[in-house]
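Commentary on secondary and tertiary structure
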Amino acid sequence: MAKEIDGGEDLRTAETINEIEGYLLWEAEKERARSKAAEFCDRLPWLTDSQREDVVRHYCQEQREASRSYLERIAVRSATLRTAYEDAYRALRRRLVVALLSVGVLEVLTLAVLSLSGSAPGVP
């Protein structure tokens with residue numbers, strides 16, 4: 001029972017770490033967009049302060065939308081790959097179990113045949 005609780009706590013800890021990591025990555029992406037927008041505006045010295053703020057805001061909004069779309073595509077692709085790999089793993093595991101059981105059955109049959117014929121090791 002303690003293992004189940006620990007496993008649940010480990011899962012919650014991993015989920016929390018993933019959420020924190022996601023938050024930090026998204027904040028870094030937003031900062032990168034602001035930085036790129038500021039660099040772009042630096043090349044347009046004739047902008048007024050309010051125009052500059054508008055350009056930065058629009059640029060950041062478009063960059064966030066592009067980043068979100070990109071991340072959503074990655075998430076879908078990751079889920080697809082995960083499913084494919086899990087399916088392949090299950091199929092390989094099934095084949096391995098079948099192979100091991102087949103070998104075991106063959107050994108038992110071989111010993112049974114040898115015992116019946118009197119050729120089995122340890123049979124008088």
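The following paragraphs examine the structure supplied in this document. Since the structure is predicted, the reported quantities are computational estimates derived from the model, not experimental observations.

1. Structural notes on the pattern of salt bridges
For the structure on display, the rule yields seven salt bridges. The closest approach of N and O atoms between D42 and R52, which form a salt bridge, is 3.1 Å. With a gap of 10 residues between them, D42 in helix α1 (residues 2-42) and R52 in helix α2 (residues 49-117) connect regions that are remote in the sequence. With a relative accessible area of 52%, D42 lands in the exposed category. For R52, a relative accessible area of 28% gives the class partly exposed. Among the salt bridges present, the one from D87 reaches R90, with a minimum N-O distance of 2.6 Å. Taken together, the positions of D87 and R90, both in helix α2 and three residues apart, correspond to about one turn of that helix.

Here is what the cut-offs are and how they apply
- Residues numbered from 1 in each chain as written.
- Predicted model: local features only at pLDDT ≥ 70, side-chain atom pairs only at ≥ 80, totals over all residues.
- Heavy atoms only, no water.
- Salt bridge = Lys/Arg side-chain N within 4 Å of Asp/Glu carboxyl O.
- Helix = DSSP H or I, 4+ residues; strand = E, 2+ residues; numbered from the N terminus.
- Buried < 20%, exposed > 50% of the residue type's maximum accessible area, 1.4 Å probe, protein only.

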